[in-house]
Structure formats: C-alpha cells, structure tokens
Amino acid sequence: MVCSLDFSLRRDFFFILLLQVSMWGSDSFSVIGPSEPIVAMLGADTVLPCRVFPAMSLENMELRWFRSQFSEAVYVYQDGMEQTGEQLVDFRGRAELVKDYITEGRVAVRIHSLRVSDDGMYKCFFKKGSDFEEAVLELKVIGLGSNPHIFMVGPEDGGIRLKCTGKGWFPQPEVQWKDAKEERIPSLSEDQTQDDDGLFQTEASLIVRDSSKTEVSCSMKNPFFGQEQVETIFIPEPFFPRTSPWKAAFAVTFVILGISIGAIVYLALKEKQEKKNVSEVEKEKEKERKAKESLEKELARRKTLYQQDWRKAELYADWRKELFKAVDVTLDPDTAHHKLKLSESRKQVYLKENDPQNGDASTHQEQEESETISSVLGQDDLTPGRHCWEVEVSMKTEVGSGTRCALGVCAVIAKREGWFAESPEKNFWVVTYKEGEVISQKGSLSLRQWPRRIGVFLDWDAGNVSFYNMIDGSHIHSFTGISFCGELRPYFSLQGDGTSLTICSASDNNENCPDFSAKASVTHLSSCDLSVPEEANSLLCP
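These numbers come from a predicted model, not from an experiment. (Residues numbered from 1 in each chain as written. Predicted model: local features only at pLDDT ≥ 70, side-chain atom pairs only at ≥ 80, totals over all residues. Heavy atoms only, no water.)

## As for the nonpolar core
By size, the foremost hydrophobic cluster in this structure holds 41 residues, and its most contacted members are Trp 65 and Phe 126. Ranked by the residues each element gives to this core, the list is headed by strand β10 (residues 131-142), at four residues. (Core = buried A, V, L, I, M, F, W, Y, C linked by side-chain atoms within 4.5 Å. Buried < 20%, exposed > 50% of the residue type's maximum accessible area, 1.4 Å probe, protein only. Helix = DSSP H or I, 4+ residues; strand = E, 2+ residues; numbered from the N terminus.)

## What to know about the pattern of salt bridges
Following the criterion strictly, the structure yields 25 salt bridges and no others. With a closest N to O distance of 3.3 Å, Arg 301 and Asp 90 form a salt bridge. Of this pair, Arg 301 sits in helix α3 (residues 262-308) while Asp 90 sits in the loop between β6 (81-82) and β7 (95-98), and the two are 211 residues apart along the sequence. The exposure class assigned to Asp 90 is buried, which follows from its relative accessible area of 6%. With its nearest N and O atoms 2.8 Å apart, the salt bridge here joins Arg 489 to Asp 381. Taken together, the residues span a long stretch of sequence, with Arg 489 in strand β31 (residues 488-495) and Asp 381 in the loop between β22 (374-377) and β23 (386-394) at a distance of 108 residues. What makes Arg 489 buried here is its relative accessible area of 14%. Salt bridges here are not isolated pairs; linked through shared partners, they connect Glu 62, Arg 64 and Glu 86. (Salt bridge = Lys/Arg side-chain N within 4 Å of Asp/Glu carboxyl O.)

## Observations regarding empty space enclosed by the protein
In this structure the tally under the stated criterion is two cavities of 30 Å³ or more. Approximately 40 Å³ is the volume found for the second largest cavity. The wall of the second largest cavity is formed by Leu 88, Val 89, Asp 90, Arg 302 and Tyr 316. Residue composition of the lining of the second largest cavity, by class: three nonpolar, no polar and two charged. (1 Å grid on protein atoms, 1.4 Å probe; cavity = no way out; pocket = protein on both sides within 12 Å on 5 of 7 lines; lining within 4 Å. Points joined across faces, edges and corners; volume = space filled by probe spheres on them. Nonpolar A, V, L, I, M, F, W, Y, C, P; charged D, E, K, R; others polar.)

## Things to note about the packing of aromatic side chains
All told, the structure shown has twelve aromatic pairs when counted by the stated rule. Ring plane angle 85° and centroid distance 5.2 Å describe the contact between Phe 324 and Phe 457, whose orientation is recorded as edge-to-face. You can see Phe 324 sitting in the loop between α4 (317-321) and β19 (325-326) and its partner Phe 457 sitting in strand β28 (residues 453-459), a full 133 residues away along the chain. Phe 457 shares its class with Phe 324; the two are buried. Ring plane angle 75° and centroid distance 5.3 Å describe the contact between Phe 457 and Tyr 468, whose orientation is recorded as edge-to-face. (Phe/Tyr/Trp six-rings, centres within 6.5 Å; stacked < 30°, edge-to-face > 60°.)

## Some thoughts on the pairing of strand β30 (residues 475-479)
Regular strands show a simple pattern: their side chains alternate between the two faces of the sheet. For β30, the buried fraction is high: five of the five residues fall into the buried class. Sheet analysis places strand β29 (residues 464-469) next to β30, joined by four bridges and oriented antiparallel. Paired with Ser 466 across the bridge in β30 is Ser 478. Between β29 and β30, which pair antiparallel and follow one another directly, the connecting turn spans five residues, one of which, Gly 473, has a positive phi of 80°. (Pairing = 2+ DSSP bridges.)

## Examining the sheet that holds β7
Across the sheet, which stays open at both edges, the four strands sit in the order β1-β3-β8-β7 with antiparallel pairing between neighbours. Edge positions in the sheet fall to β1 (30-32) and β7, since each has one partner strand and no second. Adjacent strand axes in the sheet meet at a mean angle of 25° when their direction is disregarded. Across six bridges, strand β3 (residues 46-53) lies against strand β8 (residues 106-111) in antiparallel orientation. Within β8, the residue paired with Leu 48 across the bridge is Val 109. (Axes fitted to C-alpha atoms, helices over the stretch in contact; angles between N-to-C directions.)

## Here we look at the state of the cysteines
Overall, the coordinates contain two disulfides when judged by the stated rule. Here Cys 50 engages in a disulfide with Cys 124; their sulfurs sit 2.1 Å apart. A torsion of -95° about the S-S bond marks the disulfide between Cys 50 and Cys 124 as left-handed. Within this pair, whereas Cys 50 is found in strand β3, its partner Cys 124 is found in strand β9 (residues 120-128), the two being separated by 74 residues in sequence. What makes Cys 124 buried here is its relative accessible area of 0%. Through a disulfide, Cys 164 is tied to Cys 218; the S-S separation comes to 2.1 Å. (Disulfide = S-S within 2.5 Å.)

## A few points about the sheet that holds strand β25 (residues 428-434)
Strand order in the open sheet made by the six strands is β22-β31-β24-β25-β26-β27, with antiparallel pairing throughout. Because the sheet does not close on itself, it has two edges, and the strands there are β22 and β27 (443-444). In terms of strand pairing, β22 meets β31 through four bridges, oriented antiparallel. Counted as the bridge partner of Ser 374 is Leu 494 from β31.

## Observations concerning the environment of Gly 455
You can see Gly 455 is positioned in strand β28. Classification of Gly 455 by relative accessible area gives buried; the value is 0%. Expressed as a C-alpha distance, the spacing of Gly 455 and Leu 407, which sit 48 residues apart in the sequence, is 10.0 Å.

## Concerning the side chain of Glu 422
As for its placement among the helices and strands, Glu 422 is situated in the loop between β24 (404-411) and β25. At 2.5 Å, the side chain of Glu 422 and the side chain of Tyr 491 are in polar contact. At a separation of 2.9 Å, a polar atom in the side chain of Glu 422 contacts the side chain of Ser 493. (Polar contact = N/O pair within 3.5 Å; in protein donor to acceptor, adjacent residues only side chain to side chain.)

Have a look at this one:
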C-alpha cells in the first residue's frame, strides 16, 4: 500500500512538471478558482479569488467577474484600471479588486455587505492578447435567522397543537421536532414564505397526543452551514384532554350508526375532496401570481435605477432604446459609390458583383484589391437630439476572405473620395467589421459574441456615439466628448465578396430584419441575479 501511494505521488508530480514544461515559452495559461463553494454570512464581506497557472503578472490583462451572462459584469479591470461602464447596478460601490499579489497571478474581487441576491454562480474571465480563459465559482450566502419561538395554540384532535415560528433565514431552513429522548416527531404542516429581502419566514405545526411527551423542542438548521437554533417547551400533563369512561359505550353506538350512514359519509368525503382539489388549484394560481409580481417589481426597480443615470451605464440596449428616437433610415443613391448597388426599398446595400440576380457569376470574376472605399450615406440629415437605428450585418468571417464593412455616423463635409481614413479626426465615428473581428480606432474589441445585428445610438447634445449588440444587449464601443461639425448622416461602407448591410425598419412590423428583442430582454432576468422563485422566472423568461 505504501509503494502504491508513493507511485501515485510520483505520477502526479510528473504530470504537473510536464504541464509546466509544455506552457513555457508561450502565452498559454489556465484560470483556476476555488474547488469548493465559498460560504459567507449575510451582511458580511467576502472575496471571489482566481489565479492563473503558470504564475504570471496580471497587470496588463483584462480581468472580469460576471454572473450567468458576460454582459452582467460584477467587476471589470482593463487597461490597468477599473471599468464601471458595464457593471451591474447592484454591485456599484460594493465590489473592489484585491490586487496585492497581481504580479504573482493571484487576484480576487471583494464584495461588501452581502445580500441574498448575491447567492449563486459566478465566472472569472482573464484575457491576454487573443488568449482568454475562465473559471467557475459558487457563492453561498448564509442568513442565520432568529431563534425559533414555540407556543401552544390549544387543544385539537385529542392532543395539544404546537406552533414553531422563525424568520430571517437563508436559504430555507430545515425544521425538526424532537421529544425529551431526542426522538424525531414529524411535523403536521410546514409553511415557508419570503419577505422583500428574500429571507425566509418559517412556520411549522405539530399535534402532541401522547401525554408522556411533556417536553418538546423545535430546531431550525441551515442546510449548508450546519448552524442550528433550538427552543424547548414544557407541556403540563393537566393540559392534555382527558378520556371519558362513557366514550367506550358511545363508540359501539357510533360503529352501528356508521354502517347505516356509510354511503352518506362516502358522498360527503367525495364532495370535500373535490372542493380541496379546487382549493389547491386556486392556491397554486395565487402562488404564481405573487411570484410574477415579485419578479416584475424587481425588474421595475432596476429599470428605475438605470433611468436615473443611464448615460453612465453601458448595458441594457433595449432600455436605452426607449430613451432615443428610432430613425427610419433609407440610403441616398446620389451618395453611393459606383461599385455599390442599393435594393429597391433602399434598405439594403451590397457590391454589384454580389447582386443575387447574377447567381454564381461573381465567383468566376477575378478578385482585385480595391484602392478605394465604397461607401454610401443615409438619405436624411440627422438633427440635434437622441437618435438610433439598427443594421443587420452579413459577411464572410474567415481569415483571408478579404471582407470588410463599417457603419456609424459621419459629417456631410467629410471627404469620401478614393482612399480615406474612417477616423474621428476625419469626422467619421464608426466600428469596422473585418474578417470576423470588430475593430475601433483603439484596435480589436473584446467581445463575447460576434454581433450579427448592431444598434447605433447618437446622442448629439452629449457628444456621444455608441454601438450595441442588439442580440444580447451588450455594449460594443462608444465615442465620447465629440463636438460635431455641420450636418450628420448615417454612414455605411463595404468591401469583399458576400458582404451586405440591411437597415432594419423603425416600425413594429419589421420585414427587413429578424426580431431578436425577446432574447435581448431575457438578459435582464437572470435567475441567478434576481431573488425570486424559479417558477416566477418561467413566467417572464420563456
């Protein structure tokens, strides 16, 4: 047995050494989180630690902790500083980075004043260059409630009815009745409810018929942490109902009567069962209604917080859209490059070689490198105010395909002849798609999902142009502090076979683009983040 253990240790050491050697000389790394759930008390502080292997400095990496969705950021560290634009409202002012050992590859996010809604799963995401890895963490928030309180309700069904109550527990506590011999007594009924803070209030009932059980205890225990609160009650023997000597004689009479009225009793029980079934259905409906109201209340609270400071919150594209005027953009043929072709509705633009009417003829033409940018503007000038529109992007994403397109806003006075730079210095505020990457003037953007449908938000008065992924509602990029010069118009440019842009209609009946609004809305309703029952989520998150 000793030899077997020694061989196992040598094998594990050899495996770790081989892993280290394979990673030397490369940027490859792995992210490691705690192997066990992190347990912390409600209202206290806790940390969510993650580290990289092999050990290396994390100062120049992108570090992100988030919930179930990438855009639901708990904390974001990038470019050597905290980034609050994508941070969830619930964690603002409560999350900070612990970076004492950041140069050794170990960091953590400290969350202050834990809430019930903080309970659940988290992910830490580290990115270096084009390499990224993530690890999963679980946080269990423990709320140790009040001591249980036992009181006698009164005589019932040949015994004494006891009731045990407790509040302030999370998660739902385990309730247990015991007698003086520590033998368990099953509860007659248990009822669990949650208050507005998500804490459980518990009520359990018991009927004690054995007059020898004069000492009864009620305990409530946290199922994960094992902490327990107990209270004991003493029942004086005279409190139990006494048996009358006449009951035996009456019992014989009742048996005889029971035989004769058996049919009546059967019908009465059947009717009672039917009423009980109807009552259970009504209770279930009421439970679902309360769960739905709780979820809608939480969503309304978040939306109110968002609307109070929406310019600083770079998330929730569908809520931002409510604060902007939807523009029904059409393309201006007088501004279109000669290589571009517009659809009859002037909602779609593609290269003439990509005309669907020509079938596969374009595949036989020789591909040449273009020295010009093929662009087109929207038909109407944009006026001061807040405007938004959406564009569906279709292009090949393989490296080497030579595909490229850009969309955003430009000034009418901007130079668009021959080759030109699409940059803010030249009065262009755009994001560029190139062979599967999304690029801004700062370089390649770190996106969780390649955006097929992009929303452009122009806030003229605030000097801001922002871009959002309208499929999952996540933020892509923003230009801020702009002093616009002259008239502005929507801007589009294309390059490469198989590339097209389709402008989505501003009307409700959108024939140009598929509707992704349902998917985007669900990102606000993560069950890991809202402290409501699962059945409530199923009502608003199909």
